[in-house]
Amino acid sequence: MSILDQRKLIESIHPFELLSSTALDNLMRKIDIAYYPKDTLLISKNLPSIAFYIIIKGSVTEYIDEEIHNVYASGDSFDADALIYNKTEAKFLVAEDLICYEIKKEDFLDLMQDKRVQAYFLQDFVSRHQHLKDYDAQGDLTPFLMSRVSDMYLHQACVVQKEETIYDSLKKMRELQARVIIVKDDAKYLIVTDTNLIDKVLLGDVLISDKIERLATARIISIDINDFLFNALLLMTHNSIKRVVVMQNGEIKGVLEQLDLLSYFANHSHLIATQIDKAKTKEELQDIQKDLKNLILSLHSKGVKVRYITKLVSTLNEKMYAKVFGMCVDKSLRDKCALIVMGSEGRGEQSIKTDQDNALIIEDGVDVELFYEPMMKLNSYLLELGYPKCSGDVMVSNSLWRKDVQGYKNTIDTWTHSLNEQNLQNLSIFLDAKCVSGNSALLDELVQYLQNTFYSRDDVLAHMAKAVLNFETPLSMFSSFVLEKEHNNKLDLKKGGIFALVHGVRVLSLECKISETNTIERIKQLNNKGIIDKNFATELIESFDTLSSIRLKAMLESKDLDESNYINPKKLEKIQRDLLKDSFKIINKFKKFMSFHFHLQMVS
């Protein structure tokens with residue numbers, strides 16, 4: 001490896017790239033290259049650390065209480081804490097013949113005089129984790145400056161001839177749900193705004209039977225459809241106007257509203273919500289789904305936290321569900337039932353559409369069969385809109401998930417007095433229920449019933465909690481992670497980390513009668529009730545954010561829903577690998593907490 005390559009490797013390790021050029025030159029002169037054969041013990045309780053190690057080739061395993069805590073491979077570094085605090089509870093053992101750089105202890109402590117280096121290495125897990133995430137996000141560029149008018153949703157233009165009456169023009173404006181009237185006057189276009197209507201009709205002497213040309217006072221200000229959005233923003237700002245007319249080859253293509261433009265620069269969400277509200281057909285909703293995917297891509301590229309993305313997307317999905325519900329269920333029946341979603345949708349943690357998890361609660365005394373055809377239609381519409389069929393058939397098309405309140409109460413009694421695996425799984429699914437349309441009081445009644453009847457069932461809680469141990473956390477000797485050959489040497493983020501955290505927090509929430517369904521909100525409530533301390537709660541939230549963020553990236557890149565939970569850690573940047581390893585450590589810590597809390601070693 002050349003001197004230049006050596007320097008590049010050191011600079012690639014955060015926070016050494018923060019050093020001045022002179023400090024980095026001095027460091028390069030002091031770094032040694034060392035070789036250690038397999039099974040060499042580098043650091044332990046009884047073997048003080050002598051250097052900070054940066055791996056060139058090979059791997060080192062870190063053990064705590066004889067359990068694998070971490071695996072370090074090419075490009076990884078360790079162990080600052082052993083040098084700073086002059087002690088460790090861990091054991092670092094060479095797993096594969098090791099070639100590494102060594103920064104001697106005294107030289108490393110000299111580097112700690114740099115405040116930026118010191119600030120990084122002296123942070124606790126949560127602070128260091130957040131520091132890495134912030135540093136990782138610095139490379140994200142906001143692409144909006146390159147966006148064009150054609151990327152935007154354009155409102156349909158209400159164009160009328162100058163001879164038409166004001167009354168007929170207003171009728172057309174309402175039918176098109178437009179905000180302005182454009183008047184065609186021979187070869188030019190004029191515009192009629194709300195101000196014109198107020199000043200000349202409501203407060204003036206113009207009659208609604210008069211010609212619309214009497215109201216038109218100004219030429220339109222337009223922009224070409226292929227121009228940049230930033231120019232549209234400048235045009236609106238310069239002219240103090242709220243909208244511009246979009247032209248293509250001399251013809252009007254639509255109207256770009258200032259509110260939509262500002263929303264686009266922020267997060268696109270207001271625009272999509274408006275489109276959903278205006279949609280009248282299933283086909284219009286299908287077009288909106290494409291915008292929803294673009295919204296996720298845009299927010300993710302801007303470094304927005306996944307928890308905020310999922311909250312926003314879940315809110316828009318709820319509007320989508322409510323719109324479909326209104327298309328399928330007659331007005332006379334809408335307040336006699338409650339459409340609920342469960343799973344990631346119910347928790348407000350859905351980004352890319354996953355399997356449907358929905359159900360219908362019907363008011364007692366109402367004929368359940370009245371909802372058969374509407375729910376078949378609703379299920380069909382959702383499938384056409386891209387919401388995949390649930391593999392477990394947890395959908396309104398299944399009569400098991402379409403019954404009256406008393407029917408659900410009977411089912412809850414079965415779930416909560418049984419150790420049957422399927423019953424416990426159904427109970428877990430229902431715990432995430434959220435009403436998205438109809439009469440929400442019906443779900444509230446069932447949640448209250450569940451909390452009132454579920455007590456002193458430690459056996460049920462323990463059997464539910466044991467599921468957190470169903471999947472191993474994928475930290476291993478192989479490239480720091482356990483990889484699945486049948487999935488092209490990738491690891492499953494959902495099984496390996498997210499499921500244990502989400503499900504464990506869900507079971508703890510049932511025990512504590514916490515009504516929130518969102519995982520992060522549940523964690524906060526568990527902290528408020530003293531079940532977990534503030535530091536542990538923060539660690540769990542940070543880990544959940546990291547796992548969810550990396551999973552979202554995988555889902556956006558995946559073309560196959562079945563493979564969307566799998567990632568190849570070798571394709572991640574080093575900082576992301578470090579974040580992932582940190583998160584898996586917290587997942588293992590949480591599993592130990594659950595095992596102790598529910599005495600899982602006693603559950604057969």
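The structure contained in this document is the topic of the report that follows. Nothing here was measured: the structure is a model prediction, and the numbers come from that model.

Cut-offs applied
Residues numbered from 1 in each chain as written. Predicted model: local features only at pLDDT ≥ 70, side-chain atom pairs only at ≥ 80, totals over all residues. Heavy atoms only, no water. Helix = DSSP H or I, 4+ residues; strand = E, 2+ residues; numbered from the N terminus. Contact = heavy atoms within 4.5 Å. Areas by Shrake-Rupley, 256 points an atom, 1.4 Å probe, with all protein chains shown as cover. Lys, Arg positive; Asp, Glu negative; His and termini not counted. Charge placed at Lys NZ, Arg CZ, Asp CG, Glu CD. Buried < 20%, exposed > 50% of the residue type's maximum accessible area, 1.4 Å probe, protein only. Phe/Tyr/Trp six-rings, centres within 6.5 Å; stacked < 30°, edge-to-face > 60°. Pairing = 2+ DSSP bridges. Axes fitted to C-alpha atoms, helices over the stretch in contact; angles between N-to-C directions. Core = buried A, V, L, I, M, F, W, Y, C linked by side-chain atoms within 4.5 Å. Parallel < 35°, antiparallel > 145°, perpendicular 65-115°, else oblique. Nonpolar A, V, L, I, M, F, W, Y, C, P; charged D, E, K, R; others polar. Salt bridge = Lys/Arg side-chain N within 4 Å of Asp/Glu carboxyl O. Polar contact = N/O pair within 3.5 Å; in protein donor to acceptor, adjacent residues only side chain to side chain.

Quick word on the overall build of the protein chain
Across its full length, the protein chain carries 24 helices and 19 strands. In the protein chain, the proportion of contacts linking residues at least 24 apart, taken out of those at least 6 apart, comes to 70%. For the protein chain, the exposed area adds up to about 28,700 Å²; of that, 49% sits on carbon and sulfur atoms. Counting 76 positive and 87 negative side-chain charges, the protein chain places the averaged centre of each group 2 Å from the other.

A closer look at the environment of I198
Tracing the backbone shows I198 in helix α8 (residues 194-202). For I198, a relative accessible area of 40% corresponds to the partly exposed category. With residues up to four places along the chain from it excluded, the contact list for I198 reads L203 and G204.

Regarding the packing of aromatic side chains
To describe a pair of aromatic rings, you give the distance between the ring centres and the angle between the ring planes. As enumerated under the stated definition, the model contains 15 aromatic pairs in all. Judged by centre distance (5.8 Å) and plane angle (80°), the ring pair of F471 and F499 falls under edge-to-face. Highlighted residues: F471 in the loop between α20 (458-465) and β18 (491-492) and F499 in helix α21 (residues 493-511), separated in sequence by 28 residues. When its relative accessible area of 29% is taken as the criterion, F471 is described as partly exposed. F499 gets classed as partly exposed once you look at its relative accessible area, which sits at 23%. Measuring from centroid to centroid gives 6.4 Å for F536 and F590, while their planes differ by 55°, and the two rings are tilted. Highlighted residues: F536 in helix α23 (residues 534-557) and F590 in helix α24 (residues 574-597), separated in sequence by 54 residues.

Regarding unusual backbone geometry
With omega at -15°, the peptide bond leading from F78 into D79 counts as cis. For D79, the position within the fold is in the loop between β5 (77-78) and α3 (80-84). A positive phi angle is found at D393, which is not glycine, with a value near 60°. Looking at the secondary structure, you find D393 in the loop between α16 (372-384) and β16 (402-404). D393 sits in the partly exposed class, given a relative accessible area of 30%. A positive phi angle is found at H599, which is not glycine, with a value near 50°. Position of H599 relative to the elements: it lies in the segment after α24.

A few points about the sheet that holds strand β7 (residues 158-161)
A sheet is described by the order of its strands in space; here four strands give the open sequence β7-β8-β9-β10, paired in mixed fashion. Whereas interior strands pair on both sides, the edge strands pair on one side only; in this sheet they are β7 and β10 (218-219). As paired elements, β7 and strand β8 (residues 181-185) share four bridges and run parallel to each other. Following the sheet pairing, C158 is matched in β8 by I181. Where helix α7 (residues 166-175) meets the sheet, it contacts β7 and β8, and its direction lies at approximately 160° from that of β7.

Comments concerning the nonpolar core
Across soluble globular proteins, nonpolar side chains have a tendency to be buried as a group. Residues I340, I361, F430, L580 and F590 are the most contacted members of the largest nonpolar core, which totals 70 residues. No other element matches α21, which puts nine residues into this core. Those residues within four positions of I340 in sequence are excluded, and the remaining contacts are D357, N358, A359, I361, F430, A433, K434, C435 and L443. In this structure, A279, I296, I309 and V341 belong to the second largest nonpolar core, which totals 40 residues.

Some remarks on the sheet that holds strand β17 (residues 434-438)
Within the open sheet, the four strands sit side by side as β16-β15-β14-β17. Their pairing is mixed. Looking along the sheet, the strands with just one partner apiece sit at the ends: β16 and β17. Each strand axis lies, on average, 30° off the axis of its neighbour in the sheet, ignoring direction. Pairing geometry for strand β14 (residues 337-341) and strand β15 (residues 358-362), over five bridges, is antiparallel. Each bridged residue has a counterpart across the sheet, and for V341 the counterpart in β15 is N358.

So, the packing of helix α18 (residues 421-430) against α20
As a packed pair, α18 and α20 sit with axes 10 Å apart at the nearest point and diverge in direction by 85°. The orientation of α18 relative to α20 falls into the category roughly perpendicular. Where α18 abuts α20, its residues L424, L427 and S428 lie against V460, H463 and M464. Along the lines of polarity and charge, the residues of the contact of α18 with α20 split into four nonpolar, two polar and no charged.

Notes on the pairing of strand β4 (residues 67-72)
In the sheet, strand β3 (residues 51-64) pairs with β4 via five bridges, with the strands oriented antiparallel. Across the sheet, the residue bridging to T61 is V71, located in β4.

Overview of the pattern of salt bridges
Taken as a whole and assessed by the stated rule, the structure comprises 20 salt bridges. Across the pair E89 and K45 runs a salt bridge whose closest N-O atoms are separated by 3.4 Å. With E89 in the loop between α3 and β6 (91-104) and K45 in the loop between β2 (41-43) and β3, this residue pair connects regions lying 44 residues apart in the sequence. This pair shows no difference in class: E89 is exposed, exactly as K45 is. Close ionic contact of D186 with K162 constitutes a salt bridge, the shortest N to O distance being 3.8 Å. Of this pair, D186 sits in the loop between β8 and β9 (188-192) while K162 sits in the loop between β7 and α7, and the two are 24 residues apart along the sequence.

Things to note about the side chain of R347
By the secondary structure assignment, R347 is in helix α15 (residues 343-347). Relative accessible area serves as the criterion here: at 12%, R347 is assigned to the buried category. Of note is the side chain of R347, whose polar atom sits 2.9 Å from the side chain of D432. Discounting chain neighbours no more than four positions away, the residues touching R347 are D432, V502, R506, T517, N518, T519 and R522.

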